[in-house]
Amino acid sequence: MKKIPMLDLQLEYQYMKADVDAAIQRCLEHQRWIFGPEVAELEQKIASYLDVKHCIGCSSGTDALVLSLRALAIKVKGQEYWEENDLIITTPFTFTATGDAILRSGARPLFVDIDLGTYNIAPEQIREALDSSPYSGKVVGIVPVHLYGRGCEMGEIIDIAREHGLFVVEDVAQAFGGEWMGKKLGSIGTTGCFSFFPSKNLGGFGDGGMVSTDDADVAEFVRKLIRHGGKDKYNVEHIGYNARLDTLQAAIILAKFIYIDEFNERRIKIAEAYNTGLNEVGGLIVPSSQKLLEEDGKHVYHQYTLRTKGSNREKYQEYLNENGISTMVYYPTPLHEMKVFEQAGSLSFGHLENSEYASKSVFSLPMEPLQSEEATGFIVDTIKHSVNVT
Ligand SMILES: *Cc1c(COP(=O)(O)O)cnc(C)c1O
């Protein structure tokens, strides 16, 4: 039995082969591997797609976050790094890179719980955290993560940030092309941080990332930081990195960028089929049965994630595995329970019970934009017949 994978990058490559091969061939001809013409072209294309003034290619999504936070420390504090007493609010229910970037910028994360209806950071919890005495006055910014491709409640988050004079760095690693109130995610906060890791909605053939912003100072600091901290090699002002986006990656991503809207629509179609088919399954909570926000934008389903009502997630996964269907858990351990964050003195607001509950009950189904209708139908039917599991 051939197993249905979470993602099938071979299939995607075959679909785009002519465009991708031609793009690589052009790089082989020009041999401009560092800051070649494709890098600037990709930056311009994505800036106009997002409707932002500046985009800066960089080495990964993680580095996009670090670069944003470092640039903001330089701009806001006039220092290379944030300090331990500078707190940055984020969600514990995310990939480790979100919290890791905060630590690497010199600040400490203040973890705030999620809304179980969206799996995203809960604005009312951010408000409460900001008003509670140990933290008020110490928070410098917020890093909302648009988890699984679904936008956070950016209206509320931007209001809170304005009231308290905070920056907002959007982690858009899972949500390229997603929208909130007609605006592209990554164009709303102070900066947006994108990842071109191969499995992301817009993925390269290796690591890559991008920072988007309307702030000219932040853009300039990021541009310096990716090339050792200076305008050129011999006029270095900041503690920089070698964190450029490779020409080759930019060329591949440019070729794949042609397909991003089509592929996101394909993802949405698959998610709709899952939602319709699985809505009635007693033991499961699917995304469509969750909180619907008036301001809900376009969810681009980086992952299709549901959760079990009981403590039988592993049984579901085992049953699906036996039937040739892959599943994955994003994320089994919330960040506040990881050693690195405990040791670094990260802070938690309240008990973070929703994040802990989600980490024990969620699982994701295959979400390959080119997956056949039959495969999607088979997955739905298999889950519908999962009576023995519950
Ligand atoms: C993938 C991811 C990152 C990191 O991106 P890389 O390009 O792998 O460094 C950061 N945050 C989230 C939410 C991610 O999913």
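Given the structure is predicted, the values throughout are model-derived calculations rather than measurements. (Residues numbered from 1 in each chain as written. Predicted model: local features only at pLDDT ≥ 70, side-chain atom pairs only at ≥ 80, totals over all residues. Heavy atoms only, no water.)

1. A look at the sheet that holds strand β11 (residues 304–308)
Strands belonging to one sheet form pairs held by backbone hydrogen bonds; the direction of such a pair is parallel or antiparallel. If you walk across this open sheet you meet the three strands as β10-β11-β13, and the pairing is antiparallel. Every other strand in the sheet has two partners, leaving β10 (284–285) and β13 (362–365) as the edge strands with one partner each. Bridge count for β10 against β11 is two bridges, and the pairing is antiparallel. Note on β11: the bridge partner recorded for isoleucine 285 is arginine 307. (Pairing = 2+ DSSP bridges. Helix = DSSP H or I, 4+ residues; strand = E, 2+ residues; numbered from the N terminus.)

2. Some details on the site of the ligand
If you check the shell around the ligand, you find 16 residues, and the closest are Gly61, Thr62, Asp171, Ser195 and Lys200. In this structure, an oxygen atom belonging to the ligand sits 2.8 Å away from a side-chain N or O atom of glutamine 174. Between the ligand and lysine 200 there is a distance of 3.1 Å, counted from an oxygen atom to a side-chain nitrogen or oxygen. A total of 380 Å² of accessible area belongs to the ligand in isolation, and the protein chains cover 93% of it. Of the residues that constitute the shell around the ligand, the class distribution is six nonpolar, eight polar and two charged. (Near = heavy atom within 4 Å. Polar contact = N/O pair within 3.5 Å; in protein donor to acceptor, adjacent residues only side chain to side chain. Areas by Shrake-Rupley, 256 points an atom, 1.4 Å probe, with all protein chains shown as cover. Nonpolar A, V, L, I, M, F, W, Y, C, P; charged D, E, K, R; others polar.)

3. Describing the state of the cysteines
Counted according to the given criterion, the structure contains zero disulfides. For cysteine 58, which is in no disulfide, the shortest distance to another cysteine sulfur is to cysteine 193 and amounts to 7.7 Å. (Disulfide = S-S within 2.5 Å.)

4. Some details on the pairing of strand β5 (residues 167–171)
Counting buried positions along β5 gives five out of five residues, so the element sits mostly inside the fold. Side chains Phe167, Val169 and Asp171 of β5 all project onto a buried face; the interleaved residues Val168 and Glu170 project onto the opposite face, where all are buried too. By the bridge criterion, two bridges tie strand β4 (residues 139–143) to β5 in an arrangement that is parallel. Its bridge partner being in β5, isoleucine 142 is matched across the sheet by valine 168. Assessed by its sense of winding, the connection that carries the chain from β4 through helix α6 (residues 154–164) to β5 is right-handed. Relative to strand β8 (residues 191–195), β5 runs parallel, the two being bridged by three bridges. Pairing of glutamate 170 across the sheet is with glycine 192, part of β8. (Buried < 20%, exposed > 50% of the residue type's maximum accessible area, 1.4 Å probe, protein only. Right-handed = clockwise from strand over helix to strand, strands pointing away.)

5. Let's talk about the sheet that holds strand β3 (residues 108–111)
Spatial strand order, β1-β9-β8-β5-β4-β2-β3-β12: eight strands in an open sheet with mixed pairing. For this open sheet the edge positions go to β1 (54–58) and β12 (347–348), each flanked by a neighbour on one side alone. One ladder, built from two bridges, connects β3 with β12; its direction is parallel. Residue pairing for β12: phenylalanine 111 is matched across the bridge by serine 348. Along the sheet, helix α2 (residues 37–50) makes contact with β1, β8 and β9 (209–213), crossing β1 at roughly 135°. Running over the sheet, α6 touches β4 and β5 and is turned about 150° from β5. (Contact = heavy atoms within 4.5 Å. Axes fitted to C-alpha atoms, helices over the stretch in contact; angles between N-to-C directions.)

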